[in-house]
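Letter by letter, the chains look like this.
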Amino acid sequence: MSNIGLIIGHEYMTRVSKKSFIIITLLTPLMMIAAIALPTWLMTRTDDSKKQIVVIDRSGMYSELFRNDDIYTYIYSGEDIDAARKTHQEVTGFLYIPGDLTSDSTSVTFYSEKQASAEVVSHLKRLLNQKAEQQKIDASGIPELKEIMKSVKSDINLKTVKFDESGKEQVTSAEMAELLGLFSSLLIYMFIMMYGSMVMQGVVQEKSNRIMEVMVASTRPFDLMMGKIIGVALVGLTQFAIWVVMTLMASGIIMSIAGINYSIGMNTEELMQSVETMRAQGMDTDIMNAVLGFNFRKILILFVLYFIGGYLLYSSLFAAFGSAVDNETDTQQFTAPLTIVILLAMYAGIYATNHPDSQVTFWCSMIPFTSPVVMLVRLPFDVAWWEIVLSLLILAGSFVASTWVAAKIYRVGILMYGKKPTWKEIWKWVKYK
Amino acid sequence: MIEINQVSKSFERKQALREVTMSIGDGTIYGLLGPNGAGKTTLIRIMTGITMPDSGEALMDGKQISLSMASKIGYLPEERGLYKKMRVGEQIRYFARLRGMSADEAKQETENWLHRFGIESWKMKRIEELSKGMAQKVQFITTVIHRPRLLILDEPFSGFDPVNSKQIQDEILRLNGEGTTVVLSTHDMESVETLCKEISLINDGRIVLQGDVQEIRQRYRENVFEVTLRKGEDRETRLIKKNEGESNNDFLMRIAKEGEVVEFREKLPSMNEIFIKTVS
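Residues numbered from 1 in each chain as written. Chains lettered and ligands numbered in written order. Predicted model: local features only at pLDDT ≥ 70, side-chain atom pairs only at ≥ 80, totals over all residues.

## Focus: the overall build of chain B
A tally of regular secondary structure across chain B gives nine helices and 13 strands. With respect to the three principal axes, the spread of C-alpha positions in chain B is 70 × 45 × 30 Å. Each of the 280 residues in chain B was classed as buried or not, and the buried ones make up 35%. In chain B, once contacts between residues fewer than 6 apart in sequence are set aside, the share between residues at least 24 apart is 69%. (Helix = DSSP H or I, 4+ residues; strand = E, 2+ residues; numbered from the N terminus. Buried ≥ 20, exposed ≤ 12 C-beta atoms within 10 Å, placed from the backbone. Contact = placed C-beta atoms within 7 Å.)

In structure tokens form, the structure reads like this:
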């Protein structure tokens, strides 16, 4: 009689009912949002405290330039730096202009008691640059130069259109495809690493708890290993499902909030204007179309399939190596090669984002150790069905082989205590009948 | 019930068992004795089907022992272990289920055992909250919960205070009375004398002594008698050795000269003495 079902239930329930699982599952999306939102929020915040700047202008050409406003107050001084420092205390800083900026652009200096803030520096730089540019334009003698330069400036946005099966045009975006591919491959990499090592930790813990001998006398080692692997996989899928649902809910909420903000925060004129500019740039609609151009359902299903395949492949090896050692510090010796292979897959994935149709990418999406990561990068770029099927079949074959080998190592390994085995010994375990 | 025939097992650098043969009858309590590292644990692992012998055979009811017999065997390893985060009730039920009990049966039987030991209040406690002795009790229950026909106990009394030790001993006798065969590996020779009918003494992978406990003690007797004599008001108990070829009556006559014989009893060697004598 097989106990796999029972063990899956046990492994699943003990992990899912843990407080840490619930907290991490709920907090991770919030933290990711915070990680994106916080810098954005900080960047939009301006420091509006008053600033006093003493301008020491040796050239005398820039006195017109600095006008007091709400934030900046300028004091012109004829003294040199040392003297000015004595007369003007508690100012933000001293701007020292030695001469004509068009001939010498490097010797302007900003002195301050504290480290000058980037905002102040860039504000002053912008003013000085504007002035210097204007000076140069004036000096050139070409009357309409400013207007000419403005019209020369260009900002070209390359629109990519892909023909779909029915021959209709579909607006896509290479950047969006890249982003989506990279994101999903990163996610799968993270999942495989996280849950693979969770399996290993579980095995090592059972060994160091000495519960292994009782378990082995109660059930087949293969059931024990597969039960743990599948149980943990279900934990991973549960977490993923929760995240998908949370993302859908969050985007719904954000969209409605954004909609409300639009109508409240802007008056009609502004709203009309922003819509006008968006339409003029062809921005908004294109991104929407590009996002809708991807087959999300297909990507989601294949994400799950590749996660299961890649996870089974790696976690069975993690389980095998976990069984070979009896404390967590020793696991590193055996996981190092696995970690290197997974990292390699990650690099192949990053390479694939830039070269989605290259030979190397193709082979990497077939090799089972890299295919889960690399194929997900390729998916938004449309991959032939036969390639996906073939790569999934190879992956399936490999995890059957890897679980078979792992089970053999596991069976011997779980009852070995005391000494760290060598690679040679592990190979011998594989060959035991 | 268990037949071990010419079993040998060796590891990388060590021959753990050399042609061990023993027969454990149905319904008996069998003692497995031997110094540390003698090969007891290896033999036990062969009996549970965890390891296979290199040569020879290990049979249970005439069939080769394998892990598929887990539901018939209850095994308490010397190294105890439970899932620390699990609750007591859950833990016991999980093991019962793993060894083939239905969910209802497992639940019922868990209640029974908790009640028997008077520890119903522990049911919702996590293992990590229990003291070592308490955890040992739970471990004992997990070993016997599925009503195994064969119970293999490796040092079952270690970690228990005398009161709990007695309770476990009583439970072993009760289960044995219900027909469970028990294999007991222990260094506690006193419990061997009270519990075991037969023993095997293993040293360095070999069986050096085997048979009925009482018979072995007879075999090792050294004609030493415990004699209590009264001399006037004083009573004195002494160990006196009987001479070679001397009959009991002659021996009595000899000691009667020293005083009035109040008590006269042959002193059989303890299992402890036999153990030390055989092994060293």
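## Quick look at the overall build of chain A
Looking only at helices and strands, one finds 16 helices and six strands in chain A. A total of 433 residues make up chain A; the buried ones form 29% of that total. Expressed as a percentage of contacts within chain A between residues at least 6 apart in sequence, the contacts between residues at least 24 apart total 72%.

## Quick notes on the pairing of strand β10 (residues 206-212) of chain B
As defined by bridge partners, strand β9 (residues 198-203) of chain B adjoins β10 of chain B across six bridges and the pair is classed as antiparallel. Residue pairing for β10 of chain B: E198 of chain B is matched across the bridge by D212 of chain B. (Pairing = 2+ DSSP bridges.)

## Examining the packing of helix α15 (residues 385-413) of chain A against helix α16 (residues 423-431) of chain A
Residue and element names in this part refer to chain A. One can describe the packing of α15 onto α16 by two numbers: an axis separation of 8 Å at closest approach and a directional angle of 110 degrees. By the criterion of interaxial angle, the relationship of α15 to α16 is roughly perpendicular. Of the residues in α16, those touching α15 at V405, K408, I409, V412 and G413 are I426, W429 and V430. When the residues that make up the contact of α15 with α16 are grouped by side-chain class, the tally is six nonpolar, one polar and one charged. (Axes fitted to C-alpha atoms, helices over the stretch in contact; angles between N-to-C directions. Parallel < 35°, antiparallel > 145°, perpendicular 65-115°, else oblique. Nonpolar A, V, L, I, M, F, W, Y, C, P; charged D, E, K, R; others polar.)

## With respect to the packing of helix α11 (residues 296-324) of chain A against α15 of chain A
Residue and element names in this part refer to chain A. Contact pair α11 / α15: the axes reach a minimum separation of 8 Å and the direction vectors enclose 20 degrees. It follows from the interaxial angle that α11 and α15 lie roughly parallel. Crossing angle aside, the handedness with which α11 passes α15 is left-handed. Contacts from L302, L305, G309, G310, L312, L313, S316, L317, A319, A320, S323 and A324 of α11 reach α15 at I388, L392, L395, A396, S398, F399, S402, T403, A406, I409, Y410 and G413. (Left-handed = near helix turned anticlockwise from the far one by under 90°.)

## Here we look at the interface of chain A and chain B
On the chain B side, the residues contacting the 16 residues of chain A number 21 residues. Looking at the side of chain A that touches chain B residue by residue, the class counts come to seven nonpolar, six polar and three charged.

## Notes on the sheet that holds strand β2 (residues 72-76) of chain A
Residues and elements named next belong to chain A. Reading across from one edge, β2-β1-β3-β4 is the order of the four strands in this open sheet, with mixed pairing throughout. Each edge of the sheet is formed by a strand with only one pairing partner; in this case those strands are β2 and β4 (109-111). Ignoring which end each strand starts from, the neighbouring axes of this sheet average 25 degrees apart. Where strand β1 (residues 51-57) and strand β3 (residues 93-97) come together, five bridges link them in parallel fashion. Looking at β3, one finds that V55 is bridged to L95.

## Quick notes on the sheet that holds strand β13 (residues 260-266) of chain B
All names here are of chain B. A sheet is described by the order of its strands in space; here three strands give the open sequence β12-β11-β13, paired in antiparallel fashion. At either end of the open sheet lies a strand with only one pairing partner, and these are β12 (234-241) and β13. Put simply, the sheet's adjacent strands are angled 20 degrees from each other on average, direction ignored. Pairing of strand β11 (residues 224-231) with β13, which is carried by six bridges, proceeds in the antiparallel orientation.

## What about the domain arrangement of chain B?
Where the parts come together, the accessible area they lose is often given as the size of the interface. All names here are of chain B. When cut into domains, chain B gives domain 1 (2-217) and domain 2 (222-279). Domain 1 and domain 2 are separated by 39 Å when their C-alpha centres are compared. At the interface, eleven residues of domain 1 touch nine residues of domain 2. Put simply, the parts of the chain that give the side of domain 1 that touches domain 2 at least two residues each are α6 (189-195), β9, β10 and α7 (213-219). The leading source of residues in the side of domain 1 that touches domain 2 is α6, at three residues. Class assignment of the residues belonging to the side of domain 1 that touches domain 2 gives a composition of eight nonpolar, one polar and two charged. (Domains from an automatic or database assignment.)

## Side note on helix α4 (residues 118-140) of chain A
Compared with the 33 Å implied by 1.5 Å per residue over 23 residues, the 32 Å span of α4 of chain A between its first and last C-alpha is a close match. Where α4 of chain A ends, the next residue or the one after it, G141 of chain A, has phi of about 85 degrees, a positive value. (Expected span 1.5 Å × (residues − 1).)

## Let's talk about the nonpolar core
V199, I229 and A319 of chain A together with M47, I152 and L184 of chain B are the most contacted members of the largest nonpolar core, which totals 123 residues. Element by element, the count of residues in this core is highest for α11 of chain A, at 14 residues. When near neighbours in sequence (up to four residues on either side) are disregarded, L184 of chain B contacts I29, Y30, G31, L32, L153, P156, L195 and C196 of chain B. Listed in part, the eight residues of the second largest apolar core include V54, Y62, L95 and I97 of chain A. (Core = buried A, V, L, I, M, F, W, Y, C linked by C-beta atoms within 7 Å.)

## Describing the environment of I145 of chain B
Residue and element names in this part refer to chain B. For I145, the position within the fold is in the loop between α4 (132-144) and β7 (150-154). With 121 residues separating them along the chain, I145 and E266 place their C-alpha atoms 43 Å apart. Residues in contact with I145, not counting those within four places in the same chain, are I92, F95, A96, E109, T110 and W113.

## Some details on unusual backbone geometry
Residues and elements named next belong to chain B. One non-glycine residue, Q6, adopts positive backbone phi at about 50 degrees. Positionally, Q6 belongs in strand β1 (residues 2-11). Under the C-beta neighbour-count criterion, Q6 is labelled partly exposed, with 13 such atoms within 10 Å. A positive phi angle, near 50 degrees, is found at E155, a position not held by glycine. Topologically, E155 is positioned in the loop between β7 and α5 (162-177).

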